[in-house]
Amino acid sequence: MNKVFLNLGQQPLANSFLKDIKRSTLRNEFFYNLKICFNTKNYLVSIKKPVNPKKQYTDQYAHRASESKTMRLAFKQIAKKLFKRFKPKKIMEIGSNDGVFLKNFNKKSVIAVEPCKNLARITKKLFKTYDEFWNLKLSKKLIKEKKGEIDLIFSANTISHIPNLEETFTGINNILSQDGVFVIEDPSLLKVLQNNSYDQFYDEHVYVFSSISINNIIKKYGLRLFDIEHLTTHGGSNRYYICKEKGKYKQSLRLKRALKKELSYKLDKIKSYYKFSKRVKLSRKKLFKLIESLKKRNKKIISYGATYKSTTVFNYCRINSRMIDYVTDTTLNKQGKYTPGTHLKIISPKDGINDNIDYAFLGAWNFKKEIFKKEKNFLRRGGRFITHVPKVTTLSK
Ligand code: TYD
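Attention here is on the structure that accompanies the text. (Residues numbered from 1 in each chain as written. Predicted model: local features only at pLDDT ≥ 70, side-chain atom pairs only at ≥ 80, totals over all residues. Heavy atoms only, no water.)

Examining the site of the ligand
Reasoning step 1: Around the ligand lies a shell of 18 residues, among which Tyr 308, Asp 329, Lys 334, Asn 366 and Lys 374 are the nearest.
Reasoning step 2: Asp 329 places a side-chain nitrogen or oxygen 2.8 Å from an oxygen atom of the ligand.
Reasoning step 3: Take Lys 334: an N or O atom from its side chain is 2.6 Å from an oxygen atom of the ligand.
Reasoning step 4: Here the ligand has 560 Å² of accessible area as a free molecule, and 93% of this is covered by the chains.
Reasoning step 5: Sorting the residues of the shell around the ligand by element identifies helix H11 (308-317) and helix H13 (368-374) as the ones contributing at least two each.
Reasoning step 6: Along the lines of polarity and charge, the residues of the shell around the ligand split into six nonpolar, seven polar and five charged.
Reasoning step 7: The two domains that each donate at least three residues to the shell around the ligand are domain 1 (37-265) and domain 2 (271-395). (Near = heavy atom within 4 Å. Polar contact = N/O pair within 3.5 Å; in protein donor to acceptor, adjacent residues only side chain to side chain. Areas by Shrake-Rupley, 256 points an atom, 1.4 Å probe, with all protein chains shown as cover. Helix = DSSP H or I, 4+ residues; strand = E, 2+ residues; numbered from the N terminus. Nonpolar A, V, L, I, M, F, W, Y, C, P; charged D, E, K, R; others polar. Domains from an automatic or database assignment.)

Okay, here's the thing in structure tokens:
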């Protein structure tokens, strides 16, 4: 049974950056109620009423994985590691974005699945790309085109975006070779609870998985979880290794430990989520108060990184353009636009980072290390970052 434990209020699509803030544009802005629930049977945490994916993954999709050095490096390393461990002949990626992962393999052995047409267009020039949503129909199409029997299927930050898990996993089972491996990376629910990072909940994250929920769900579709790795990407993620029920892989010790750890943190109990919800409400109060008190002292505050996560924070905490002057972001196609729901102007760091700023809200808190290194001058001259993770505070180092 699904029980709602957190209501993050009316939210826009995290990725729906606005070209202008004319009245007519704002009138058409789409909002939905972001409620999060917990399934007491399979321990899955999900958005109560997911948004239609056709509204989300359009040819305007802004996120480009290759633009971050951290991500480029992370994908290169994992590609190398997976190749060494499993020696796959055929590789497929679901949610291949701009090809940041698949670029690391022989182009003839890879298949990309990417429904955002603007991104698929980039990889079509490099290797076989299906600009479609991953579902049962596409798995059947691959079989028909003799592209099944895939040895390695990789999917980073995508499976948690697909509402229909039944089609997702049945489709995977259809095209995975007998000893093939399905590897998925998604934000870790345990980390969300530990970091109080409620901003991992936005329209695209239909699910925030735990190893106990993945372990439960995939069994229904003839699949089995056999290994796990904990990652630092996206503020704490898990990499799940999945094979067919009769695949040759044994359950690893680290998976046993991970399952045990999550149970010791009571991720299988609704009470833990009610407690989390209380902490989130407190975090909202504190962040609003902090920014308001700084504003009263005439401090100039900006936001650093027009992230999807900060869409949830700003809309939930009712932070607006009176409090934050603008947002800086390195992504070219976010620059010149406005943040969803709160309508803060997004500009390039070159134009936006200057000596007048006193505080910068760390919207991209998951890149804290990279950003602090880059913004040494800002910190040296007394500039401070504001964060809400794991608790609301200001940071000078
Ligand atoms: P991302 O980590 O993908 O978070 P989300 O999934 O919540 O959107 O996005 C990070 C954003 O931060 C991206 O738009 C690029 C931006 N960014 C900067 O502007 N400067 C930086 O130094 C870094 C590391 C990221």
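Still more ground to cover, so stick around.
Describing the environment of Asn 39
Reasoning step 1: Within the secondary structure layout, Asn 39 lies in strand S2 (residues 31-39).
Reasoning step 2: Residue classification places Asn 39 among the buried residues on the basis of a relative accessible area of 15%.
Reasoning step 3: Along the chain, Asn 39 and Ile 184 lie 145 residues apart, while their C-alpha atoms are 21 Å from each other.
Reasoning step 4: With near-sequence residues (within four places) excluded, Asn 39 lies in contact with Met 1, Asn 2 and Leu 44.
Reasoning step 5: Among the polar contacts listed, one links the side chain of Asn 39 to the backbone nitrogen of Lys 41, at a separation of 2.7 Å.
Reasoning step 6: A distance of 3.0 Å separates a polar atom in the side chain of Asn 39 from the backbone nitrogen of Asn 42. (Buried < 20%, exposed > 50% of the residue type's maximum accessible area, 1.4 Å probe, protein only. Contact = heavy atoms within 4.5 Å.)

Details of the sheet that holds strand S12 (residues 301-304)
Reasoning step 1: The six strands are arranged S14-S13-S12-S15-S16-S17 in an open sheet whose pairing can be described as mixed. The strands lining the two open edges of the sheet, one partner per strand, are strand S14 (346-347) and strand S17 (393-395).
Reasoning step 2: As paired elements, strand S13 (residues 327-328) and S14 share two bridges and run parallel to each other. Looking at S14, one finds that Val 327 is bridged to Ile 346.
Reasoning step 3: Contacts from helix H10 (residues 270-296) reach S12, strand S15 (359-362), strand S16 (384-387) and S17 within the one sheet, and its direction differs from that of S16 by about 150 degrees. (Pairing = 2+ DSSP bridges. Axes fitted to C-alpha atoms, helices over the stretch in contact; angles between N-to-C directions.)

What to know about the nonpolar core
Within soluble globular proteins, side chains that are nonpolar tend to cluster in buried spots.
Reasoning step 1: Core analysis: the largest hydrophobic core is formed by 88 residues, its most contacted members being Met 92, Trp 134 and Phe 201.
Reasoning step 2: In terms of residues, this core owes the most to one element, H10, which gives eight residues.
Reasoning step 3: Split by domain, this core shows at least three residues from each of two domains, domain 1 (37-265) and domain 2 (271-395).
Reasoning step 4: Apart from residues lying up to four places away in sequence, Phe 201 is in contact with Leu 6, Leu 8, Leu 34, Ile 36, Val 45, Val 192, Val 208, Phe 276 and Thr 312.
Reasoning step 5: Residues Phe 86, Ile 91, Val 110 and Val 183 belong to the second largest nonpolar core, which totals 24 residues. (Core = buried A, V, L, I, M, F, W, Y, C linked by side-chain atoms within 4.5 Å.)

Side note on the pairing of S2
Reasoning step 1: By the bridge criterion, eight bridges tie strand S1 (residues 2-12) to S2 in an arrangement that is antiparallel. Residue pairing in the sheet places Val 4 in a bridge with Cys 37 of S2.
Reasoning step 2: Sheet topology note: the S2/strand S3 (residues 45-47) ladder contains three bridges and is antiparallel. From the neighbouring strand, Phe 38 faces S3, where its bridge partner is Val 45.
Reasoning step 3: Remark: five residues form the turn of the hairpin made by S2 and S3, two consecutive strands paired antiparallel; Tyr 43 in that turn has positive phi of roughly 70 degrees.

Geometric values such as these leave the question of function open.
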